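Residue-level listing of the chains:
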Amino acid sequence: MTITNDIVYIGVNDHAIDLFEGQYVVPNGMAYNSYAIMDEKIAIMDTVDKNFSQLWLENIQAALGERQPDYLIVQHMEPDHSANIDTFLRTYPNATVVSSAKAFAMMKNFFGTDYADRRVVVGEGDTLTLGKHVLSFVTAPMVHWPEVIVTYDATDKVLFSADGFGKFGALDAEEDWACEARRYYIGIVGKYGAQVQALLKKAAGLDISIICPLHGPVLSENLGYYINLYDIWSSYGVESDGVLIAYTSVYGHTKEAVELLAQKLEALGQKVVVNDLARCDMAEAVEDAFRYGKLVLATTTYNADIFPFMKEFIHHLTERNYQNRTVGLMENGSWAPMAAKVMKGMFEKSKNITFTETTVKILSALNDGSRAQIDALAQELAQ
């Protein structure tokens, strides 16, 4: 795939993978992106997962023909992008590896060497001239590892964005970008919103026509759409109006209460998404919590605590700096309900969480009193 006259795609699709990073379901696989910049000197941008070493080397040879690469630029040291550094440098003994100081320290850990005799260490504002292409390096610490750099090619106005603007899914899969990019961002990068905001501010000073991420498609049209979504996600803003109801239910009574609340909210014109945390894709539920501005948590008291799936869900939210949201609580308990207290306490370090005045308390099963509380909660959330 030709991206510009001088930039060629040399990455691979992975349809064998079931769980990315050992936890994220990827029904349409993954893409590990790599690029070749062809000039007087040739730069290869990042490597690919270890399972695709031979295919990647064949892609390089197909792109370069009889020529040899001069540089390997390593922007990010996660193994899905860095696993073939040593393979590449053994295949091309005259090539030089270009990366950040922290990345070379990581190479020592991964490969037993930091390539001191064939490396160029770059940092903020450093440049590398290939000919007519002059590459500028921008540091992006904790987006989402500390060693990350991104690279800007002013000639073709291309930003090589590392894991930024990436998504789940192989490149030959037809699917909505935003859905899988949001799930990817919230799950993997979501904790580091402040760092992403800092990078977006740096990128705002660049004339960008094309974004080349390490996962997902090359972005070359309507870049404002993608950048705006990243701004919303990284500032913990509300992307869509709506209410997510996330629940667990043991014998069905809490589920019945959730269904009643959902019906009342929809009757009041609210967009409602309901997730059964014991059965849904947890990453999808977390994505929804960050997408919508209002969240209702409904669960049972369990071992003087809360049901395990709910506890896991709230941990996923708080460790990703969940904030700027309205949260309603529904608890169920047969003799000593305390789920609402536990759930509320789990957000004590979270910023700008507004709890609804109404908390629904169910004593085993719905009655007139708890139904009235559900009606009051629906009215409050719909305001």
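The following paragraphs examine the structure supplied in this document. (Residues numbered from 1 in each chain as written. Predicted model: local features only at pLDDT ≥ 70, side-chain atom pairs only at ≥ 80, totals over all residues. Heavy atoms only, no water.)

## Considerations on the sheet that holds strand β8 (residues 71-73)
As summarised here, the arrangement of the six strands in space is β1-β6-β7-β8-β9-β10, forming an open sheet in which the pairing is mixed. Only two strands of the sheet have a single partner each, and these edge strands are β1 (7-9) and β10 (119-121). Going from strand to strand, the sheet's axes swing by 20° on average, the running direction of each strand aside. Of the pairings in the sheet, the one linking strand β9 (residues 96-99) to β10 comprises three bridges and is parallel in character. Residue pairing for β10: Ser99 is matched across the bridge by Val121. Helix α4 (residues 101-111) rests against β9 and β10 of the sheet, and its axis sits at about 120° to β9. (Pairing = 2+ DSSP bridges. Helix = DSSP H or I, 4+ residues; strand = E, 2+ residues; numbered from the N terminus. Axes fitted to C-alpha atoms, helices over the stretch in contact; angles between N-to-C directions. Contact = heavy atoms within 4.5 Å.)

## Structural notes on unusual backbone geometry
Across the junction of Val143 and His144, the peptide omega takes the value 0°, indicating a cis bond. You can see His144 is positioned in the loop between β12 (134-139) and β13 (149-153). Its identity as a non-glycine residue notwithstanding, Ala162 has a phi of 55°, on the positive side. Relative to the helices and strands, Ala162 resides in the loop between β14 (158-160) and α5 (177-189).

## Comments concerning the packing of aromatic side chains
Per the stated rule, a full pass over the model turns up 23 aromatic pairs. Arranged with centres 5.5 Å apart and planes meeting at 50°, the rings of Tyr230 and Trp233 form a pair that is tilted. Here Tyr230 pairs with Trp233, and both are found in helix α7 (residues 223-234), just three residues apart, close to one helical turn. Residue classification places Tyr230 among the buried positions, given a relative accessible area of 3%. (Phe/Tyr/Trp six-rings, centres within 6.5 Å; stacked < 30°, edge-to-face > 60°. Buried < 20%, exposed > 50% of the residue type's maximum accessible area, 1.4 Å probe, protein only.)

## Notes on the sheet that holds β12
An order of β11-β12-β13-β14-β15 is seen for the five strands of this open sheet, with the pairing classed as mixed. Since the sheet does not close on itself, it has two edges, and those belong to β11 (127-129) and β15 (210-212), each with one partner. Strand-to-strand twist in this sheet, taken as the mean axis angle between neighbours without regard to direction, amounts to 20°. Looking at chain direction, β12 and β13 are connected through five bridges and run antiparallel. The residue of β13 that forms the bridge with Thr139 is Ile149.

## Description of the environment of Tyr185
Relative to the helices and strands, Tyr185 is located in helix α5. A C-alpha to C-alpha distance of 39 Å links Tyr185 and Ala365, two positions 180 residues apart in sequence. If near-sequence neighbours (up to four positions away) are discounted, Tyr185 is found in contact with Gly190, Gly193, Val196, Tyr230, Trp233 and Ser234.

## Observations regarding helix α6 (residues 193-203)
Looking at α6, one finds that the buried residues are Gly193, Val196, Gln197, Leu199, Leu200 and Ala203. Summarising the axial view, the buried residues of α6 lie within an arc of 165°, below the 170-degree limit, and thus occupy one face. Seen from the open side of α6, the exposed residues pointing more than 90 degrees away from its buried face are Ala194 and Lys201. Among the structural elements, β12, β13, α5 and α7 are those in contact with the buried residues of α6. (Arc of directions from axis to C-beta.)

## Observations concerning the pattern of salt bridges
Tallied over the full model, the rule gives 16 salt bridges. Shared partners join several salt bridges into a network, and the residues in it are Glu180, Arg183, Asp281 and Glu284. (Salt bridge = Lys/Arg side-chain N within 4 Å of Asp/Glu carboxyl O.)

Note that every value here comes from positions in space, so none of it alone points to a role or purpose.
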